[in-house]
Amino acid sequence: MTTDTPFPAPAAETAPRRLLGARLPAWLLPAQWPAASSGQPAWADLTLDRDRIAAIAPHAVSSTGAAPQAGDERLDGALVLPCFVDAHTHLDKAYTVSRLGQAEPGLLGAIEAMVADRAHWTAADVRTRATRGLARAWAHGTRHLRTHVDWTEADGIPLAWPVLRELAQEWRGRLVLEQVSLMKLPMFEDPARADWLARQVAATGEGAVLGAFVHSTNWNENALRHLLQAAQRHDLDVDLHVDEELQPRAQGLAATARIMRELGFEGRVVCGHICALAVQDHDSALRLLDEIGRLPITLIALPTTNLLLQDATTGRTPRTRGITLIKEARARGIPVLLASDNVQDPFCRIGNFDPAELMGTATLAAQLERPFDDWSDSLCRSDWLARPGAASAPAARPTLIGQPADLVVFDEADAWSWPAHATPRRVLRAGRWRQASVT
């Protein structure tokens, strides 16, 4: 393997005392923050107290041009974000595309190709590929990553599950790694089996989440109910691949909301993909989103993978984008995250575990206006994965004060065109500039 440093980094892990002239996104600033003459938010000065952000104030411009104090660093309007949250990935599958050959187009063809490859996995193979993904995520500025792990065993634990658990322990203190059991929905049809599966996930400990693949080809409402009931009993949050298809009849999201309401489900439920929502009747889709907005549900859109998988037919240009109704969801106060999903595997042959790169795809696919000021929170809000009761409502304006000094600085980008010019960046972790390499 080769090692390279994709981003400029300081020669030493220096620890600045203040960052002067940071251009923060509008969603991260107090409501009464002053505006610059351009109409954009005024720059900010951040005071650090070791590994925490102690204070934030509008940038003080000296009329005398006095030099900054010792320990200060001038950013001169460089864009600054909290370190990233990549809330839906597949580390166990990553970097397998080169050994799979040509897969049939679309989701089901990719699943077939992955099943064939998984038969040859070893713990060492999974560890090598997953570590490569974590190293890239770290270098790009990610601090919280959630990976789904294929779980096909009805009576056992998959090979990759303990490997990811070991990596979560090894990366503790650098990057939070959560793991989701990606099981086919029918595995929960028997209530006793559903309870056993949930018990295995719960025994993994902190950072383990119960999950399933919910699709019209395996639809089983009783199984979905048993999954949520088992999660409730074992105090687990839930993360579902839901309605990853362009079938208006898909009912996974609607049934999830209804069953949660009937059970009084107390955990956080994350629903990824939900592509079918974009092809359903407009009024019906909006009514469903109104209901989702009253429940502890977070939606995750995966634009890169779904652009490649949805409406995929050999020799024909796709007609449908496959991205869910993220603007309509956000307008209703529903937490919406964007994530990398698959990276260089049969589901998506591109990708790099880089949320900023992902935002470039999302900006085009979903026609996002003001991606830095209005949408970069969809790459940064780990609280939107938290249990209800935490300060996780989208309406609750976040603050940097008191938070870890974990920041990504884009020295060559501007808020008008970001994420263009987002590749050159520096990463501040625990108040120190960190140099990270990628293997």
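Quick note: structure is the one above.
Below, the structure is looked at part by part. Only a predicted model underlies this, so the values are computations on that prediction, with no experimental measurement involved. (Residues numbered from 1 in each chain as written. Predicted model: local features only at pLDDT ≥ 70, side-chain atom pairs only at ≥ 80, totals over all residues. Heavy atoms only, no water.)

1. Considerations on the overall build of the protein chain
Next up, step 1: Per the secondary structure count, the protein chain includes eleven helices and 16 strands.
Next up, step 2: By its C-alpha atoms, the protein chain is 75 × 50 × 50 Å across when sized along the principal axes.
Next up, step 3: When burial is assessed residue by residue, the protein chain has 54% of its 439 residues classed as buried.
Next up, step 4: Within the protein chain, contacts between residues at least 6 apart in sequence are counted, and of these 80% link residues at least 24 apart.
Next up, step 5: Put simply, the protein chain has 45 plus and 52 minus side-chain charges, and the middle of one group is 2 Å from the middle of the other. (Helix = DSSP H or I, 4+ residues; strand = E, 2+ residues; numbered from the N terminus. Buried < 20%, exposed > 50% of the residue type's maximum accessible area, 1.4 Å probe, protein only. Contact = heavy atoms within 4.5 Å. Lys, Arg positive; Asp, Glu negative; His and termini not counted. Charge placed at Lys NZ, Arg CZ, Asp CG, Glu CD.)

2. Structural notes on the environment of proline 41
Next up, step 1: Residue position: proline 41 is located in the loop between β1 (18-22) and β2 (44-49).
Next up, step 2: A residue is classified by how much of its surface remains accessible, and proline 41, at 16% relative accessible area, is buried.
Next up, step 3: Measuring from C-alpha to C-alpha, the distance between proline 41 and phenylalanine 84 comes to 21 Å, with 43 residues separating the pair along the chain.
Next up, step 4: Sequence-distant contacts of proline 41, that is, excluding residues within four places in its chain, are made with Arg23, Ala26, Leu29, Trp33, Pro34, Ala35, Ala36 and Asp373.

3. Overview of the environment of aspartate 92
Next up, step 1: Mapped onto the fold, aspartate 92 is located in the loop between β6 (84-89) and α1 (107-118).
Next up, step 2: Assessed through its relative accessible area of 0%, aspartate 92 is described here as buried.
Next up, step 3: For aspartate 92 and tryptophan 384, which are 292 residues apart along the polypeptide, the C-alpha to C-alpha distance reads 24 Å.
Next up, step 4: Those residues in contact with aspartate 92 that lie beyond four places of it in its chain are Trp121, Val126, Arg129, Thr147, His148, Val149, Asp150 and Ala160.
Next up, step 5: Within the structure, the side chain of aspartate 92 is placed 2.9 Å from the backbone nitrogen of aspartate 150, a separation counted as a polar contact. (Polar contact = N/O pair within 3.5 Å; in protein donor to acceptor, adjacent residues only side chain to side chain.)

4. Some thoughts on the sheet that holds strand β4 (residues 72-74)
Next up, step 1: The strand order across the open sheet formed by four strands is β3-β2-β1-β4, and the pairing between neighbours is mixed. Unpaired on one side and paired on the other, β3 (52-58) and β4 mark the two borders of the sheet. Recorded for the sheet is a direction-independent mean angle of 20° between the axes of neighbouring strands.
Next up, step 2: Sheet topology places β1 next to β2; four bridges connect them, and they run antiparallel. Bridging across to β2, alanine 22 finds its partner in alanine 44. (Pairing = 2+ DSSP bridges. Axes fitted to C-alpha atoms, helices over the stretch in contact; angles between N-to-C directions.)

5. Quick notes on the packing of helix α4 (residues 191-204) against helix α5 (residues 221-233)
Next up, step 1: One can describe the packing of α4 onto α5 by two numbers: an axis separation of 9 Å at closest approach and a directional angle of 45°. Classified by the angle their axes make, α4 and α5 are oblique. Seen along the crossing, α4 lies across α5 with a hand that is right-handed. Where α4 abuts α5, its residues Pro191, Ala194, Asp195 and Ala198 lie against His226, Ala230 and Arg233. (Parallel < 35°, antiparallel > 145°, perpendicular 65-115°, else oblique. Left-handed = near helix turned anticlockwise from the far one by under 90°.)

6. Here's the deal with the sheet that holds β6
Through backbone hydrogen bonds, the strands of a sheet pair up, either in parallel or in antiparallel fashion.
Next up, step 1: The parallel open sheet is built from eight strands, whose spatial order is β6-β7-β8-β9-β10-β11-β12-β13. Single-partner strands in this sheet number two, and they are β6 and β13 (336-338). Along the sheet, successive strands turn relative to each other by an average axial angle of 25°, direction set aside.
Next up, step 2: The pairing of β6 with strand β7 (residues 142-150) spans four bridges and is classified as parallel. Paired with valine 85 across the strands is histidine 144, a residue of β7.
Next up, step 3: Docked against the sheet, α4 engages β8 (176-184) and β9 (208-214), running at close to 140° with respect to β9.

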